[in-house]
Amino acid sequence: MTAQPKLEMKPELPLHPAANVQPGASAKHFQASGKSTSHSVGSMKKNKSKLATWWKRLAILTATIFTAFCVVLLWDYLHEDDLVLARQADVLEGKFFDVPCSKDYENYKRFAGCTPTKCGRAVKDTVVNREEAERMLRIAKKGLSLGGSDGGASILDLHSGALSMGKQFVNIYRYFGEQIKDIFDEEDFTLYSDVRWRIQQVIAETFELDSTRLHLTKPTFFSRMNNTNAKTMHDEYWHPHIDKVTYGSFDYTSLLYLSDYRTDFGGGRFVFVDELANRTVEPRIGRVSFFTSGSENLHYVEKVEWGTRYAITVSFSCDPAHGIKDPSLP
């Protein structure tokens, strides 16, 4: 038998899509199919481009917000301690911020061992305890209940007897006479003198002075502030000022706070005005803040927004001619 030739089977090659045309398909159908495919590819590319642009913009926006947030956090971190000298929640054994002395003291007679050569501001929360501060607050409230300004700031000076009443001042010792003994007692004045002496000692210690060279001076007074609109210039406590300019006798100024910032009142912080950034003291009951009285410590009190702020200002002079005695019952 004659051998049959073997047929060589070649593998099928995949057809190109364009060649996959059914028999009888018209040229017109083929052209339409080609256009549809081309349009789909174009649409997909366009959509991908739009999506990529959207994601790019979202990434830029997210990065911008994140960067701004980080900048704010960094700014707060770097400036937090600079801007707030003492927070209400802090309990400070003693904090001192040094500033160069101004030339104000050159215009007055100098007293060795007392006239400021070391200047600054300090805060200490351990001069008086809370119970003593609350007793001082009761003294202030008893006296101020006898009168009060029509505006937002009232004062009571137990040394001179000055008390805000309406748009003027009266002398409580003359105005109320013997009735004043029904308001205050000897214990009130004993506590007042003791607290004043402790403040005098801590000022002398901080500024490296002989405490006996410091002399209590006027005005030294209780203050009560609220958000009532000012009626006279005496109610406008929020203007920046320099104690040594306002009262030439002042060399050292102190404040004992008798109410709490954010608990008893809003606003009302004590602000030192510095060239680069203001520094604030947030009142805390029993806190003593003190500073040299020259223009190195330009300051003001923020307007009280709500509630009532109580404090006592205790002032000292190096000039014995400006010294005053502690108050006493008449």
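Sequence positions are assigned chain by chain, starting from 1 and proceeding in written order. Per-residue local features are limited, in this predicted model, to residues with pLDDT of at least 70; the limit for side-chain atom pairs, both in listing and counting, is 80 or more; totals at the level of whole chains, interfaces and linings are taken over all residues. No hydrogens and no water enter the side-chain calculation; it runs on all heavy atoms of the structure.

A.B. asks: Hey, could you run me through helix H4 (residues 186-206) in this one?
C.D. replies: Side chains that are three or four residues apart share a direction in an α-helix, a result of its 3.6 residues per turn. Along its 21 residues, H4 runs 31 Å from first to last C-alpha, staying within 8% of the 30 Å computed at 1.5 Å per residue. A distance of 3.1 Å separates the backbone nitrogen of Glu187 from a side-chain oxygen at the start of H4, and that oxygen is part of Asp185. Numbered from the N terminus, helices here are DSSP runs of H or I no shorter than four residues, and strands are runs of E no shorter than two. After H4 finishes, the residue Glu208 shows a positive phi value of roughly 60 degrees. In this scheme, a helix's expected span is set at 1.5 Å multiplied by one less than its residue total. For this analysis, a polar contact is any N or O atom pair within 3.5 Å, provided that within protein one partner can donate a hydrogen and the other can accept it, and provided that sequence-adjacent residues contribute only side-chain to side-chain pairs.

A.B. asks: Would you explain helix H2 (residues 130-144) in this entry?
C.D. replies: Here H2 spans 21 Å end to end across 15 residues, near enough to the 21 Å set by a 1.5 Å rise per residue. Buried residues are those whose accessible area, probed at 1.4 Å on protein chains only, stays under 20% of the maximum for their type, while exposed residues exceed 50% and partly exposed ones sit between those limits. Looking only at H2, the buried set comprises Glu132, Ala133, Met136, Leu137, Ile139, Ala140, Gly143 and Leu144. Within H2, the buried residues cover an arc of 155 degrees as seen down the axis, which keeps them to one side. Arc, as used here, means the arc of the directions from the helix axis to the C-beta atoms.

A.B. asks: Sorry, what's going on with the side chain of Ser254 here?
C.D. replies: Mapped onto the elements of the fold, Ser254 is located in strand E9 (residues 252-257). A polar side-chain atom of Ser254 sits 2.7 Å from the main-chain carbonyl oxygen of Val314. Among residues more than four places away in sequence, those in contact with Ser254 are Ile199, Ile203, Ser289, Phe290, Ile312, Thr313, Val314 and Phe316. By definition in these notes, contact holds between two residues if any of their heavy atoms fall within 4.5 Å.

A.B. asks: Please explain the packing of aromatic side chains as it appears in this structure.
C.D. replies: Between two aromatic rings, the relevant description is the distance of the centres plus the angle of the planes. When two rings of Phe, Tyr or Trp (its six-membered ring) have centres within 6.5 Å they constitute a pair, described as stacked for plane angles under 30 degrees, edge-to-face for angles over 60, and tilted for the intermediate range. As enumerated under the stated definition, the model contains 12 aromatic pairs in all. Relative to Phe207, the ring of Phe96 lies with its centre 5.7 Å away and its plane at 75 degrees, an arrangement referred to as edge-to-face. You can see Phe96 sitting in strand E2 (residues 95-98) and its partner Phe207 sitting in the loop between H4 and strand E8 (215-225), a full 111 residues away along the chain. By relative accessible area, Phe96 is classed as partly exposed at 31%. Given a relative accessible area of 4%, Phe207 falls into the buried group. A connected cluster of aromatic rings, assembled from ring pairs, spans Phe96, Phe207, Tyr252 and Phe290. Only when the NZ of Lys or the CZ of Arg is both within 6 Å of the ring centre and within 35 degrees of the ring normal is a charge said to sit over the ring. Here the basic side chain of Arg121 rests over the ring of Phe272, its NZ or CZ set 4.2 Å away from the ring centre.

A.B. asks: How do you make sense of a nonpolar patch on the surface when you look at a structure like this?
C.D. replies: A grouping of Leu51, Trp54, Trp55, Leu58, Leu61 and Ile65 is seen on the molecular surface, where their side chains present a nonpolar patch of about 640 Å² in accessible area. Mapped onto the elements of the fold, Ile65 is located in helix H1 (residues 27-83). Each patch groups residues whose relative accessible area exceeds 30% and which form no salt bridge, using 9 Å between like charges and 5 Å between nonpolar side chains of Val, Leu, Ile, Met, Phe, Trp and Tyr. Areas reported here follow the Shrake-Rupley algorithm with a probe of radius 1.4 Å; residue values treat only the protein chains shown as occluding. A carboxyl oxygen of Asp or Glu within 4 Å of a side-chain nitrogen of Lys or Arg is what we treat as a salt bridge.

A.B. asks: How do you make sense of the nonpolar core when you look at a structure like this?
C.D. replies: In globular proteins that are soluble, nonpolar side chains generally tend to be buried together. Counting residues in hydrophobic clusters, the biggest one holds 47 residues, and the most contacted among them are Met136, Leu158 and Phe222. Listing elements by their share of this core, those giving two or more residues are H2, strand E6 (162-166), helix H3 (172-175), H4, E8, E9, strand E13 (288-292) and strand E16 (309-317). Counting residues per element, this core draws most heavily on H4, which supplies 8 residues. Those residues within four positions of Leu158 in sequence are excluded, and the remaining contacts are Ile139, Ile172, Tyr173, Phe184, Phe189, Tyr192, Phe222 and Pro327. Here, nonpolar core means buried Ala, Val, Leu, Ile, Met, Phe, Trp, Tyr and Cys residues that are tied together by side-chain atoms lying within 4.5 Å of each other. Within the second largest apolar cluster, 18 residues are counted, among which are Ala86, Ala153, Tyr237 and Val281.

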